[in-house]
Amino acid sequence: MFQRIGNAAFKKSLDNIITLCDALGNPQHNYKTVHVAGTNGKGSSSHMLAAVLQEAGYKTGLYTSPHLKSFTERVRVNGAELSQQYLIDFVANYKSLFEEVQPSFFEMTVALAFKYFADENVDVAVIEVGLGGRLDSTNIITPEASLITNIGFDHQNLLGNTLQEIAGEKAGIIKPCVPATISLKQPDIENVFREKAAAVNAPLYFATDNYSVVLKSHTLEQQVFDVYKQGELYLPELKLDLTGIYQRYNLSGVLQTIALLTERGFTITEEAIRNGLANTKQLTGLKGRWQVLNYSPLTICDTGHNADGINQILTQLHSLQPKQVHFVFGAVNDKDVTTILVMLPKNYSYYFCQATIPRALPVAELQQKADLVGLKGKSYPTVAEAIKAAKENAATDEVIFIGGSTFVVAEIEEL
C-alpha cells in the first residue's frame, strides 16, 4: 500500500488497471468523468467540483486519496461514503482476479471506484489522480474536461527532479480533443502544457487568464471573494467554506472547469455554483484542509505536506498574528524533510511525533534533523501524546497547529 509503505507500492504501468477494468466490463465508460491532477490543490478542487455538480442536480461520484479515517472515504456518491458491505463483496467476488493480476492496492481501489460508480448509476464522477498523471491508474478514462492544479516539488523520486519533468507527468492526463484547464499559469512550465495540448489537439485554458479572484473578507468559517471573468465582475460576494488562503488558486481552475462542462452540455446555474462552493465540506465530507478543531485555544490542522503546502500554511498562521504557535509536526521517511524544517519559524514551540504507519519518519531522527536547523521542541512517540502536550502547554489566546503530513492529521481523535 503506497499510503503505508510508500514508493515500493507504486507500479509504473497502466497494464494492470486495463486488465482489471476489462474483466469488470470497463465500468469507467458508463458515465461522464472529470479528471483532476496537480501537486497541491487537487483534492480540494475535486471536492469543490463534486459539490457544485451535486447542487446542479447530478448524481455525482467522487474518487479521492488518501483517506484520513476510513478507507471508504475514498469513494463517495453525493457525499455518502462507499458502503462497507459493497467493499467486502467486491473483494470476495473478484479475489481470483486479484490473485491472477497481482494489482497494487491503488490499482485495486481505482477498479473498485469505477465499478461502484457504474453500479450506482452516477451521472458524472470527479476522479482525482493519485500520483503524477501519465501512469496513474486513473488515467484510463476519457473525461469531459481535465483540470491540473499547481505544480510543485513532491514525489521527485517517482516523477522527476525538475518542475518541467513533474509537469510532464501531470500533463499526461491531457487527452485528445478534451479541454484541459491549468489552474495557475507558472511561466517556467507553461510550455510543457502548451506542447502536450497541441500534440493531442486539446483546447487549453490557463484559468488565471480568464478569472481573477479578489478576497473581500475572511473568517475562520468562510472566505468571501469577488470573482472577475475577463475583467468584468462575474460572481460578487462568492462564499467559500474552505478557508485556506491557498484556495483562491484553486477557485479559478474550478470555475474554468465548470464553464467548460457547461459548454459540453451540463446545466450548472449560478445558484448551484454558489451553494456548492459555500457548502463543500458539508456536501462532500472534506476534512483536514485548514480545519478549525477548537477555538480556545485556536486549534487548526492542515494536510499540506510539501514545501509549497507548508509555505501557504505558514503565511496563514502568520496572518493570525498569534502570541505563540504550538506546532505538532510529523513527517514521512521518503520526503526531503530538511527542506521543510528550514522553512519553519524558530520561535514556535515544536512537538515532534511519529504517525503509526511504516512510512513515518522515526521521531528520534526527526528531532535530530530539527535540532540541526535550530528548532526548539520535544519529541513524543505518538501523535496523540504530542497533541496532549500541546494542549497542556498552550494558553487560551495561543494557537495549536497540527500537520506536516496527511498521516499526522489522520490520527487527530476529534477530526
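Refer to the structure above for everything that follows.
In this numbering scheme, every chain counts its residues from 1 along its sequence in written order. Where totals are concerned, whole chains, interfaces and linings use all residues; where local detail is concerned, this predicted model gives features only for residues with pLDDT of at least 70, and gives and counts side-chain atom pairs only at 80 or more. Only heavy atoms go into the side-chain values, all of them from the structure, while hydrogens and water stay out.

Caption draft 1: Expanded view of the pattern of salt bridges. Any Lys or Arg side-chain nitrogen located within 4 Å of an Asp or Glu carboxyl oxygen qualifies as a salt bridge. Going through the model one piece at a time under the given rule, you end up with 15 salt bridges. Residue Glu81 is joined to Arg76 by a salt bridge in which the shortest nitrogen-to-oxygen separation is 3.8 Å. Using a relative accessible area of 34% as the deciding quantity, one classes Glu81 as partly exposed. Put simply, Lys391 and Glu414 hold a salt bridge, and the shortest N to O gap is 3.4 Å. You can see Lys391 sitting in helix 17 (residues 383-393) and its partner Glu414 sitting in the segment after helix 18 (406-410), a full 23 residues away along the chain. Residue classification places Glu414 among the partly exposed residues on the basis of a relative accessible area of 41%. Here the salt bridges do not stand alone but share partners, grouping Lys216, Asp226 and Glu237 into one network. Summary of the burial criterion: residues with accessible area below 20% of their type's maximum are buried, those above 50% are exposed, and those between are partly exposed, where the area comes from a 1.4 Å probe applied to protein chains only. Only runs of H or I of at least four residues qualify as helices and only runs of E of at least two qualify as strands under DSSP, and these elements are numbered from the N terminus.

Caption draft 2: Inspection of the packing of helix 3 (residues 42-55) against helix 12 (residues 270-278) at higher detail. Only C-alpha atoms enter the line fits that serve as axes; for helices the fit covers just the stretch in contact. Angles between N-to-C directions range over 0 to 180 degrees. The interhelical angle for the contact between helix 3 and helix 12, taken along N-to-C directions, is 130°, at an axis separation of 8 Å. Between helix 3 and helix 12, the crossing angle belongs to the class labelled oblique. The handedness of the crossing between helix 3 and helix 12 is right-handed. For the pair helix 3 and helix 12, the contacting residues are Met48, Ala51, Val52 and Glu55 in the first and Ala272, Ile273, Asn275, Gly276 and Leu277 in the second. Each residue is assigned to one class: nonpolar for Ala, Val, Leu, Ile, Met, Phe, Trp, Tyr, Cys and Pro, charged for Asp, Glu, Lys and Arg, and polar for all the others, Gly among them. Residues that form the contact of helix 3 with helix 12 fall into these classes: 6 nonpolar, 2 polar and 1 charged. Any angle that is under 35 degrees is reported as roughly parallel, and any over 145 degrees as roughly antiparallel; angles of 65 to 115 degrees are reported as roughly perpendicular and all others as oblique. We call a crossing left-handed when the near helix sits turned anticlockwise from the far one by less than a right angle, and right-handed when that turn is clockwise. Every residue pair with non-hydrogen atoms within 4.5 Å of one another is taken to be in contact.

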